[in-house]
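In case you want the letters, here they are:
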Amino acid sequence: MVNQELTVIDVGFTHEDFAALLDKYDYHFSPGDVVAGTVFSLEPRGALIDIGAKTAAYIPIQEMSINRIDNPDEVLQSNETREFFILADENEDGQLTLSIRRIEYMRAWERVRQLQAEDATVRSAVFATNRGGALVRIEGLRGFIPGSHISTRKPKEELVGEELPLKFLEVDEERNRLVLSHRRALVERKMNRLEVGEVVIGTVRGIKPYGAFIDIGGVSGLLHISEISHDHIDTPHSVFNVNDEVKVMIIDLDAERGRISLSTKQLEPEPGDMVKNPQVVYDKAEEMAAKYREQVLAQQQGTTATAVEPEPELELAPEEIEELPPAID
């Protein structure tokens, strides 16, 4: 019988060395990272996710979607692999906290910035109102429509559930503010069918010290006090009453600001007619508008024409600014 001796070779590699080697090639995760993970187990109020760490990570139900959900299986399925945002570092059990909601928010802000850059019109249903305006959701973000930018005769409370066309006024991720305008969207649509120098019939819907707001086909234009008459006017109330039907001429269409500027001064056959005898102005409106268009054309060709005074900027009222809600809860 052959006697065989076993030779033990000392490779100098201990269990501690092996553990250190594993640590060396282990992934190190940090809050803010976006990683791929596989759903390991669905829990009543969350889910365990395998992201390659020593311990399965956890995603609570409130972090599973930008929208409210009641059950994890509305968003996740067992063995599904997808991207997750690392929300918090390891807890005392070595477990990381994950989020899908944060990824959706980042992509939503990116999308609305792109829509704003394209000057796109979006549509969204009003889901709530407050003292300052109405609330909508755009790409999952909560948007605010100030009261001064809602163009409808309905009370704000009756707008809940109604879908509105909207334009972007402010997209500010840092301040968590998304502000939109219904008025701008309607004015842009209306502008596509209107021209400077055109005479339109409207209804006085509001009177302010600086002018009258005229409804023309569902959108509001401003007849500034300086554009009512060549004669001096102390207040628009001395010429107009709310619900008066008037003929006005369009003197400016500003799609970027969503404004329509109007004039009756340019329609006066004689200076002061709008104060002394408005009916004469209305009777000769088309004739005077034709002369105005000739003046504009001459001005474009280098001939001096009567300048139109600019109207004041329409800004958000202080109470509307106070009511601006955050886009992210």
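Residues numbered from 1 in each chain as written. Predicted model: local features only at pLDDT ≥ 70, side-chain atom pairs only at ≥ 80, totals over all residues. Heavy atoms only, no water.

## Considering the overall build of the protein chain
Thought 1: Helix and strand counts for the protein chain stand at seven helices and 16 strands.
Thought 2: Long-range pairs, those at least 24 residues apart, make up 61% of the contacts in the protein chain with a sequence separation of at least 6.
Thought 3: Surface summary for the protein chain: the accessible area is close to 18800 Å², and the carbon and sulfur share equals 47%. (Helix = DSSP H or I, 4+ residues; strand = E, 2+ residues; numbered from the N terminus. Contact = heavy atoms within 4.5 Å. Areas by Shrake-Rupley, 256 points an atom, 1.4 Å probe, with all protein chains shown as cover.)

## Considering the side chain of E63
Thought 1: By the secondary structure assignment, E63 is in the loop between strand 3 (57-60) and strand 4 (81-88).
Thought 2: Excluding its chain neighbours within four sequence positions, the residues that come into contact with E63 are L87, L98, S99, I100, R101 and R102.

## Re the nonpolar core
Thought 1: Core analysis: the largest hydrophobic core is formed by 33 residues, its most contacted members being I214, I216, I228, F240, I260, L262 and L267.
Thought 2: Broken down by secondary-structure element, the contributors of at least two residues to this core are helix 3 (182-191), strand 12 (199-208), strand 13 (211-216), strand 14 (219-224), strand 15 (245-254), strand 16 (259-263), helix 5 (278-283) and helix 6 (285-300).
Thought 3: Looking at this core element by element, the count peaks at five residues for strand 15.
Thought 4: With residues up to four places along the chain from it excluded, the contact list for I228 reads L223, I233, P236, V239, F240, T264, K265, E268 and M274.
Thought 5: Counting 23 residues, the second largest nonpolar core, distinct from the first, contains I66, L141, I150 and V171. (Core = buried A, V, L, I, M, F, W, Y, C linked by side-chain atoms within 4.5 Å. Buried < 20%, exposed > 50% of the residue type's maximum accessible area, 1.4 Å probe, protein only.)

## Points about the confidence of the model for the protein chain
Thought 1: Per-residue pLDDT for the protein chain has a mean of 84; in total, 84% of the residues score no lower than 70.
Thought 2: Low pLDDT (under 50) marks residues 304-308, which in the prediction has five contacts with non-local residues, meaning those over four places away or in another chain. (pLDDT = per-residue confidence, 0-100.)

## Topic: the pattern of salt bridges
Thought 1: On inspection of all chains with the given rule, the structure shows 15 salt bridges.
Thought 2: For R107, the salt bridge identified is with E83, shortest N-O distance 2.6 Å. With R107 in helix 2 (residues 101-117) and E83 in strand 4, the pair connects residues that are 24 residues apart, well separated along the chain.
Thought 3: R107 gets classed as partly exposed once you look at its relative accessible area, which sits at 49%.
Thought 4: Through salt bridges with shared partners, one network takes in D119, K167, R184 and E188. (Salt bridge = Lys/Arg side-chain N within 4 Å of Asp/Glu carboxyl O.)

## Let's talk about the packing of aromatic side chains
Thought 1: All told, the structure shown has one aromatic pair when counted by the stated rule.
Thought 2: An angle of 90° between the planes, with centres 6.1 Å apart, marks the rings of Y210 and F213 as edge-to-face. (Phe/Tyr/Trp six-rings, centres within 6.5 Å; stacked < 30°, edge-to-face > 60°.)

## Thoughts on the sheet that holds strand 16
Thought 1: A barrel is described by the order of its strands in space; here five strands give the closed sequence 12-13-14-16-15, paired in mixed fashion. For this sheet the average axis-to-axis angle between neighbouring strands, irrespective of direction, equals 50°.
Thought 2: Strands in contact with helix 6 are strand 12 and strand 15; relative to strand 15, the strand with the most contacts, it is inclined by about 20°. (Pairing = 2+ DSSP bridges. Axes fitted to C-alpha atoms, helices over the stretch in contact; angles between N-to-C directions.)

## Overview of helix 6
Helical geometry note: an α-helix holds 3.6 residues per turn, so side chains three or four residues apart project in the same direction.
Thought 1: Over its 16 residues, helix 6 extends 22 Å from the first C-alpha to the last, a length consistent with the 22 Å expected when each residue adds 1.5 Å.
Thought 2: Residues A285, M288, A289 and Y292 constitute the buried set of helix 6. Relative to the axis of helix 6, the buried residues are bounded by an arc of 100° and lie together on one face.
Thought 3: Just beyond helix 6, the residue with positive phi is G302, at close to 105°. (Expected span 1.5 Å × (residues − 1). Arc of directions from axis to C-beta.)

## A word on unusual backbone geometry
Most peptide bonds take the trans form, and the phi angle of most residues other than glycine is negative.
Thought 1: Although it is not a glycine, E139 sits at a positive phi angle of roughly 55°.
Thought 2: Secondary-structure assignment places E139 in the loop between strand 8 (133-138) and strand 9 (141-146).
Thought 3: What makes E139 partly exposed here is its relative accessible area of 42%.
Thought 4: You will see that N243, though not glycine, has its phi angle at about 80°, which is positive.

## Remarks on the pairing of strand 15
Thought 1: As paired strands, strand 12 and strand 15 are joined by five bridges and run antiparallel to one another. Residue pairing across strands places G202 opposite V246, the latter belonging to strand 15.
Thought 2: For strand 15 and strand 16, the ladder comprises five bridges, and the chain directions are antiparallel. Counted as the bridge partner of D252 is S261 from strand 16.

## Some details on the environment of L262
Thought 1: With respect to the helices, strands and loops of the structure, L262 is situated in strand 16.
Thought 2: Taking C-alpha positions, L262 is 5.5 Å from I251, a pair spaced 11 residues apart along the chain.
Thought 3: Setting aside its immediate chain neighbours within four residues, L262 contacts I214, I216, G221, L222, L223, H224, E227, V248, M249, I250 and I251.

## Considering the pairing of strand 12
On any regular strand, side chains alternate: one points to one face of the sheet, the next to the other face.
Thought 1: The buried fraction of strand 12 is high, at seven of 10 residues.
Thought 2: Relative to strand 13, strand 12 is paired through five bridges, and the arrangement is antiparallel. Counterpart to V204 in the pairing with strand 13 is I214.
Thought 3: In this antiparallel pair of consecutive strands, strand 12 and strand 13, the connection spans two residues.

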